[in-house]
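Analysis of the macromolecular model
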Amino acid sequence: RGGLRLQYEVEVEEYIREARRSIWSLRSPALETGDLIDALKDGADRARAGHDVAFTFEQTGTRRRLSSNVEHQLLRIGQEAMLNATRHAQASSIRMHLHYDPDRVTLTVSDDGRGFDTARGPEGTTDHYGLTTMHERAQQAGGRLTITSAPGRGTVVEAQIHAMELPESAFG
């Protein structure tokens, strides 16, 4: 009986991995019709729907198009950070900052929510898939993700991606 249960657990885990791979591959329609900044703002508005949360967005540096992979991964990281801040952190204020340097782009999402011990993960959750996925997305785009948080002190999610400028022909 134990062997059958183990077999089911293995099969379910494989189905979950397959579903995650499928979700990972989905491209955002917001990037098909607009740019990264518009897509980030739209995603933030959707994440805040139904929540009384102040939101500010700032872009610094010279705005430019990035590879579709970099834009896609930054958008998904930004969306996940916004969802975490609104759903779990009980934040009253969220700030998103997108900074373009000549050789990299940095997305920072900070909130004034309840924070958590980064060594243990957020309390009240058993699945840290969102945090893991943000790290994987940053790595997949050639960068790194750092999460700074402490109980009662909010959270800062920062994705730094090496991103060269695309040629003018990439602007369509």
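In short, a report on the structure. (Residues numbered from 1 in each chain as written. Predicted model: local features only at pLDDT ≥ 70, side-chain atom pairs only at ≥ 80, totals over all residues. Heavy atoms only, no water.)

1. Brief notes about the overall build of the protein chain
Scanning the protein chain from terminus to terminus reveals five helices and five strands. Taken from the N to the C terminus, the helices and strands of the protein chain come in the order α-α-α-β-α-β-β-α-β-β. Put simply, 70% of the contacts in the protein chain that link residues at least 6 apart link residues at least 24 apart. Total accessible area on the protein chain stands at roughly 10100 Å², and carbon and sulfur atoms take up 50% of it. (Helix = DSSP H or I, 4+ residues; strand = E, 2+ residues; numbered from the N terminus. Contact = heavy atoms within 4.5 Å. Areas by Shrake-Rupley, 256 points an atom, 1.4 Å probe, with all protein chains shown as cover.)

2. Some words on the sheet that holds strand 2 (residues 93-100)
With mixed pairing, the five strands of this open sheet are ordered in space as 1-2-3-5-4. Lying at the two open borders of the sheet, with one neighbouring strand each, are strand 1 (54-60) and strand 4 (143-149). Each strand axis lies, on average, 10° off the axis of its neighbour in the sheet, ignoring direction. Here strand 2 runs beside strand 3 (residues 104-111); their pairing, made up of seven bridges, is antiparallel. Counterpart to Tyr100 in the pairing with strand 3 is Val105. Across the face of the sheet, helix 4 (residues 68-87) comes into contact with strand 1, strand 2, strand 3, strand 4 and strand 5 (155-162) while running at roughly 10° to strand 3. (Pairing = 2+ DSSP bridges. Axes fitted to C-alpha atoms, helices over the stretch in contact; angles between N-to-C directions.)

3. Focus on the pattern of salt bridges
Under the defined criterion, the tally for this structure stands at seven salt bridges. Between Asp42 and Arg46 there is a salt bridge; the shortest N-O distance is 2.3 Å. Pair noted here: Asp42 and Arg46 are both in helix 3 (residues 36-48), with a separation of four residues, about one helical turn. The exposure class assigned to Asp42 is partly exposed, which follows from its relative accessible area of 31%. (Salt bridge = Lys/Arg side-chain N within 4 Å of Asp/Glu carboxyl O. Buried < 20%, exposed > 50% of the residue type's maximum accessible area, 1.4 Å probe, protein only.)

4. Some points on helix 4
The terminal C-alpha atoms of helix 4, which comprises 20 residues, lie 28 Å apart, in line with the 28 Å expected from a rise of 1.5 Å per residue. Most of helix 4 sits out of view: 14 of its 20 residues are buried. (Expected span 1.5 Å × (residues − 1).)

5. Let's talk about the pairing of strand 5
Side chains Thr155, Val157, Ala159 and Ile161 project from strand 5 onto a buried face, and the interleaved Val156, Glu158, Gln160 and His162 project onto a face without burial. Here strand 4 runs beside strand 5; their pairing, made up of seven bridges, is antiparallel. Within the sheet, the bridge partner assigned to Thr148 lies in strand 5 and is Val156. Adjacent in sequence and paired antiparallel, strand 4 and strand 5 are bridged by five residues, among which Gly152 carries a positive phi angle near 80°.

6. Overview of helix 3
Between its first and last C-alpha atoms helix 3 spans 18 Å; for 13 residues at 1.5 Å apiece the expected length is 18 Å, and the two agree. All buried positions along helix 3 are accounted for by Leu36, Ile37, Ala39, Leu40, Gly43, Ala44 and Ala47. Along the axis of helix 3, the buried positions cluster into a sector of 165°, meaning they face one direction only. (Arc of directions from axis to C-beta.)

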